[in-house]
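# Coordinate inspection notes
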Amino acid sequence: MRNAEEIYSAERQFPELFEQELPFSRVSANDGAVAAKTPRQRGLKRRAAQEWTVAVLYAVLDVTAWIILYEIITYVRGDTFYSTRMGFLLIDLIQLVVIMQALYIIGGYDRNVDKRTLSYAVEHILAVAAAAVFSAMLIYSAATFDQTMRPSRAVLLLSFLSFLAVSLFYRRWIGKHVAATIANRAFLVIGSGERAAQFYRSYKDSPNRQLLHFVDTAVERIGKPIAYEGSPIVEGGVAARLQNLSERYSGIILAKGVKELDTRLLEKLVRTQFQRTRVYTLESFYETHWRYVPLEAIDPVWPLQTGFQLAQISPYYYLKRLCDIAFASVALAICAPLMAIVALIVWVGSGRPVLFSQSRVGRENSIFTIHKFRTMVSRDGPNLDDIYTREGDPRITRVGRWLRKLRLDELPQFWNVLKGDMSLIGPRAEWDKCVECYEKKIPFYHFRHLVKPGITGWAQVNYPYGESDADAIEKLKYDLYYIRHYSLKLDAMIALKTVHVMLFSKGR
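First things first, this report covers the structure right here in the doc. (Residues numbered from 1 in each chain as written. Predicted model: local features only at pLDDT ≥ 70, side-chain atom pairs only at ≥ 80, totals over all residues. Heavy atoms only, no water.)

## Structural notes on the sheet that holds strand E4 (residues 279–281)
Pairing in this open sheet of four strands is parallel, and the strands run E2-E1-E3-E4 from one edge to the other. Strand pairing shows two members of the sheet lacking a second neighbour, strand E2 (212–215) and E4, which therefore form its edges. On average, adjacent strands in this sheet sit at an angle of 25° to one another, irrespective of strand direction. Taken together, the five bridges between strand E1 (residues 186–190) and strand E3 (residues 249–254) define a ladder with parallel strand orientation. (Pairing = 2+ DSSP bridges. Helix = DSSP H or I, 4+ residues; strand = E, 2+ residues; numbered from the N terminus. Axes fitted to C-alpha atoms, helices over the stretch in contact; angles between N-to-C directions.)

## Let's talk about the nonpolar core
Generally speaking, soluble globular proteins have nonpolar side chains that are buried together. Core analysis: the biggest nonpolar cluster contains 67 residues, and Phe-199, Trp-458 and Leu-480 have the highest contact counts within it. For Trp-458, the contacting residues outside a window of four places in its chain are Arg-291, Tyr-478, Tyr-481, Tyr-482, Leu-490, Met-493, Ile-494 and Lys-497. Grouped together as the second largest cluster of nonpolar side chains are 35 residues, Leu-126, Leu-156, Phe-160 and Val-178 included. (Core = buried A, V, L, I, M, F, W, Y, C linked by side-chain atoms within 4.5 Å. Buried < 20%, exposed > 50% of the residue type's maximum accessible area, 1.4 Å probe, protein only. Contact = heavy atoms within 4.5 Å.)

## Overview of the environment of Val-166
Mapped onto the elements of the fold, Val-166 is located in helix H6 (residues 153–183). In this structure, Val-166 is in contact with Ala-65 and Leu-69, ignoring residues within four places of it in sequence.

## Brief notes about the pairing of E1
For E1, the buried fraction is high: five of the five residues fall into the buried class. What you see with E1 is no split at all: Ala-186, Leu-188 and Ile-190 on one side and Phe-187 and Val-189 on the other are buried throughout. Summarising the sheet, E1 and E2 pair through four bridges and their orientation is parallel. Across the sheet, residue Val-189 finds its bridge partner in E2, namely Phe-214.

## A closer look at unusual backbone geometry
Arg-352 connects to Pro-353 through a cis peptide bond whose omega is -5°. Within the secondary structure layout, Pro-353 lies in the loop between helix H12 (315–350) and strand E5 (355–361). We note that Glu-364 has phi near 55°; this positive angle belongs to a residue other than glycine. Structurally, Glu-364 can be placed in the loop between E5 and strand E6 (367–373). Phi at Phe-444 takes a positive value of approximately 60°, unusual for a residue other than glycine. Within the secondary structure layout, Phe-444 lies in the loop between helix H15 (432–441) and strand E8 (454–456). What makes Phe-444 partly exposed here is its relative accessible area of 21%.

Following this line, the structure appears as structure tokens:
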């Protein structure tokens, strides 16, 4: 695994630093307050800090809550449609499996996902709603062959609504206590070079609020700030700190070069990874906590690493294409009247042409023509040479502003999906002139063309609309994460986040 392959360490020439004793009672401005606790309290907090413990707790509560709620509502409503108890349990199990899969997709069992945010609440609601629809389709499809498997629609609706409220409540409550538990625990960062300094700057700009403790074996770096005046001070005593991991640290982050590894410390870190505390490389920390790939971790052979679904054509590749064809066909048929209305509104509001067509770059650098409803002024408008759409851009028409917010301007792209130029989900299809410019300025930009572009994607739902080269770099990090973790789960998560974006009109 990458955590073991890329573990960084200290240098051999300062072995005395490995033997330093770290007074556990000492508290510096860099360490945060560590209150004295009884062994029982420390044990409880240690178990609460384990990722798998929190996940198991959520799962147990979900199973218990659903079974109790479904039983009570079925009893109160007097639903005696089931001919046998086994039929009741089978329906119960189908719905429970679908619910738990939907919540797993949005990170409902992930300790690192903050359950107290409005964004998570919306995704939780959407996931349970999707589970309700999907399980109802499964159950009523089966009921066409066996009428004894047909539950009351009122019972299903009330059960899902009750579970939605209850499951969201205890997730917020547990999330509050988990956040309090890990607030006093820091991440131990081994390294103090430029990579560590850059990581500190990124961490400061992130939602993470846990402390960072920087340690190193380079004597010349000890006692100096990691990045700038006022930033954490680099300290020594690596080995002594590793002895107190479970009491003080929720993880280790490695920010030293592979050539600086020490065999003894490497072995200790590998044992720590598999027995006690999670050990992150910088790349794995970025991917786990922030869901993007840092460009510093990329090299020309990056796609050849293990774990890539795209290394060979996977079964999901074909499944995704079938889903694209089916969904695009249905969407074009259902949305045809809406598209006609939108076309009429565009024509009345700003004249012809109704559609905007442009050359875009697809998979393996293929060029295709994309179609969208026109939302900007025609060729005689201002700032036509600006390749970015900015906040309050004067080129956007009054009608176009609403079409962009509701994403209705992208409906014609279903035709591109049906043709195979695009997928429903993937990196944004960029203008060929933009791509030519980006590939000269941004290293490894061409990797995003390993997959088909999409109408929506991981970068689109996680980062604001780009309006500079710096934004293009940031969005590339999310695109690379999508390519590395190309899967049904990630596509489902993107679909739910896209609905969230559309409901709250976050387009530009």
